[in-house]
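# Understanding the architecture of this molecule
Given next are the chains, with one letter for each unit.
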Amino acid sequence: MLLRREEAFIVAAAPAKLNLFLKVLGKRADGYHELETVMVSVDLYDTLRFSPDSSGSLSLRCDDSGANQETGSRAVPEGGDNLIVRAAELLRRETGVTSGARIELWKRIPMAAGLGGGSSDAAATLAALNLLWNLNLSSGELQSLAARLGSDIPFFLSSAVGAICRGRGEQIEPLSLPLSLHFVVARPKSGLSTADVYRHCRPASIPWSADDFVEALKSWRLRPVAGRLHNSLQEPAERLNADVVNLRNVFSTQPFLGHQMSGSGTSYFGLCATRRHAHRLAARIRAHRLGDVFIASSRP
Ligand code: C5P
């Protein structure tokens, strides 16, 4: 995530992510699933603006007119259910500060979509309020708060363009990406609950690992990358949601290098050779009217 100071404000650009590889290894005693995943952050951003509130109150206002254009608005919760509010409250609880903040969010990343928008917003909130409130928490301290809030949040807090994430997703090994990656992303009308999808998943049977996937990335060739795409959550997501099956069928008719669902869904992406190729294929996917369709590239 990118932060900049503007007079009394702090402005954050919070990117979306795609899971190019997500292998479920097994269920843990704490109810989570042990996994290894390769995430890349892409050039689709929510914008957040943080300003001090001298009354000590915390408020969130959200403009989500930029998200879910085709699929209809899913209102972002502005109260205590929102991960942004939970991140701010956790910071106050842990540090004992009583400072307030006004937070404005311009939402562009579709919600409940496997694109990490809520997690990215929460990571931006931890980093920005650490500055705004002069808390001086170390990156290690912020990372451990991030992991308590959600499994994907440490990835966004790390600001890595890509990473292998292990454990329940919170152990980050940053990657540099030798290739620019270009995608067509489609977000269908319906979403899925992450907890539901994990409840129905099974350990993967594929023989290759996240390290093998990264080796393919480092070959500088897209075909081996496409050949090793994997998401163990796609099969349970397809059982729970017919939109994901429809997307797979439609993406299969087009010459993508490879395609799969991101995270716990329901967004689906196709890997393209170039950005131009992505524009051409996006127009064909859009014609099926299965939801919002956009182009995304890995961040440089
Ligand atoms: O960590 P997060 O709050 O994003 O996870 C949401 C839900 O997804 C968890 O409550 C859990 O049911 C499931 N989950 C899981 N294994 C993971 C990550 C998430 O079972 N590694």
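Please refer to the structure higher up on the page.
Residues numbered from 1 in each chain as written. Predicted model: local features only at pLDDT ≥ 70, side-chain atom pairs only at ≥ 80, totals over all residues. Heavy atoms only, no water.

## Focus: the site of the ligand
Every residue near the ligand is listed here: Gly31, Tyr32, His33, Leu35, Gly150, Ser151, Arg168, Thr194, Ala195 and Tyr198. For the shell around the ligand, the secondary structure elements donating two or more residues are strand 3 (33-53) and helix 5 (194-199). For the shell around the ligand, the element with the most residues is helix 5, which contributes 3 residues. Here the residues of the shell around the ligand are counted per class, giving 4 nonpolar, 5 polar and 1 charged. (Near = heavy atom within 4 Å. Helix = DSSP H or I, 4+ residues; strand = E, 2+ residues; numbered from the N terminus. Nonpolar A, V, L, I, M, F, W, Y, C, P; charged D, E, K, R; others polar.)

## A few points about the side chain of Thr125
Summarising the element assignment, Thr125 is placed in helix 2 (residues 117-132). Setting aside residues no more than four positions away along its own chain, Thr125 makes contact with Leu48, Phe50, Ile84, Ala87, Ala88 and Leu91. (Contact = heavy atoms within 4.5 Å.)

## Some points on the sheet that holds strand 11 (residues 268-272)
Ordered in space as 10-11-8-12, the 4 strands form an open sheet in which the pairing is antiparallel. With one partner strand each, in any of the chains shown, strand 10 (258-261) and strand 12 (291-297) form the two edges of the open sheet. Averaged over all pairs of adjacent strands, the angle between their axes in this sheet comes to 20°, without regard to strand direction. Note: strand 10 against strand 11, 4 bridges, orientation antiparallel. Each bridged residue has a counterpart across the sheet, and for Gly258 the counterpart in strand 11 is Leu271. (Pairing = 2+ DSSP bridges. Axes fitted to C-alpha atoms, helices over the stretch in contact; angles between N-to-C directions.)

## Concerning the pattern of salt bridges
Counted according to the given criterion, the structure contains 17 salt bridges. For Arg102, the salt bridge identified is with Asp53, shortest N-O distance 3.8 Å. Note that Arg102 is positioned in strand 5 (residues 100-106) and Asp53 in strand 3, a separation of 49 residues in sequence. Given a relative accessible area of 40%, Arg102 falls into the partly exposed group. For Asp53, a relative accessible area of 13% corresponds to the buried category. Arg248 is the partner of Glu238 in a salt bridge, and the nearest nitrogen-oxygen pair spans 2.6 Å. Taken together, the positions of Glu238 in helix 8 (residues 234-240) and Arg248 in helix 9 (residues 242-252) put the pair 10 residues apart, joining distant regions of the chain. (Salt bridge = Lys/Arg side-chain N within 4 Å of Asp/Glu carboxyl O. Buried < 20%, exposed > 50% of the residue type's maximum accessible area, 1.4 Å probe, protein only.)

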